[in-house]
Amino acid sequence: KFDVVYIDAAHDSRSTFSNTVLSWPLLRDGGIMIWDDYGLDGDHGPSKAVDAFWNLWADDIVVLKRPTWENWQPMIQKKMRSVAPPPS
């Protein structure tokens, strides 16, 4: 598993979303995911994919850096999953 995943896709929403979803299981619990070029290419760019991912996985992430037009590198942390103790 990876501690950090940095997504710098082909600047379109489909490749950004697929890179994100395929990378998610490879990111360790507590790991950091960062996207590049958030605001590039308007509605057809990475922002649409990042926003969709954040909405769909909202219960599994902690937002560390929200995207803005000045900050094109939003960042989240994958929440730690609680592990149930083994039955006694």
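Residues numbered from 1 in each chain as written. Predicted model: local features only at pLDDT ≥ 70, side-chain atom pairs only at ≥ 80, totals over all residues. Heavy atoms only, no water.

Asker: Outline helix α2 (residues 46-56), supporting the account with residue identities and numerical values.
Answerer: Every buried residue belonging to α2 is among Pro46, Ser47, Ala49, Val50, Phe53 and Trp54, and all of these are buried. The buried side chains of α2 occupy one side of the element, clustering within an arc of 165° when seen end-on. In α2, those exposed residues whose orientation departs by more than 90 degrees from the buried face are Lys48, Asn55 and Leu56. Looking at the buried residues of α2, the elements they touch are α1 (13-23), β2 (27-35), β3 (61-65) and β4 (75-78). (Buried < 20%, exposed > 50% of the residue type's maximum accessible area, 1.4 Å probe, protein only. Helix = DSSP H or I, 4+ residues; strand = E, 2+ residues; numbered from the N terminus. Arc of directions from axis to C-beta. Contact = heavy atoms within 4.5 Å.)

Asker: Go over the nonpolar core, please, and point to the residues and values.
Answerer: Core analysis: the largest hydrophobic core is formed by 13 residues, its most contacted members being Trp24, Met33, Trp35, Trp54 and Ile76. Listing elements by their share of this core, those giving two or more residues are β1 (2-7), β2 and α2. Residues contacting Trp24, with those up to four places away along its chain left out, are Met33, Phe53, Trp57, Asp60, Ile61, Ile76 and Lys78. (Core = buried A, V, L, I, M, F, W, Y, C linked by side-chain atoms within 4.5 Å.)

Asker: Please set out the sheet that holds β1 residue by residue, giving values where relevant.
Answerer: Ordered in space as β1-β2-β4-β3, the four strands form an open sheet in which the pairing is mixed. Pairing within the sheet leaves two strands with one partner each, and these edge strands are β1 and β3. In this sheet, neighbouring strand axes are inclined to one another by 20° on average, regardless of whether the strands run parallel or antiparallel. Strand contacts of α2: β2, β3 and β4, with the helix running at about 140° to β3, the strand carrying the most contacts. (Pairing = 2+ DSSP bridges. Axes fitted to C-alpha atoms, helices over the stretch in contact; angles between N-to-C directions.)

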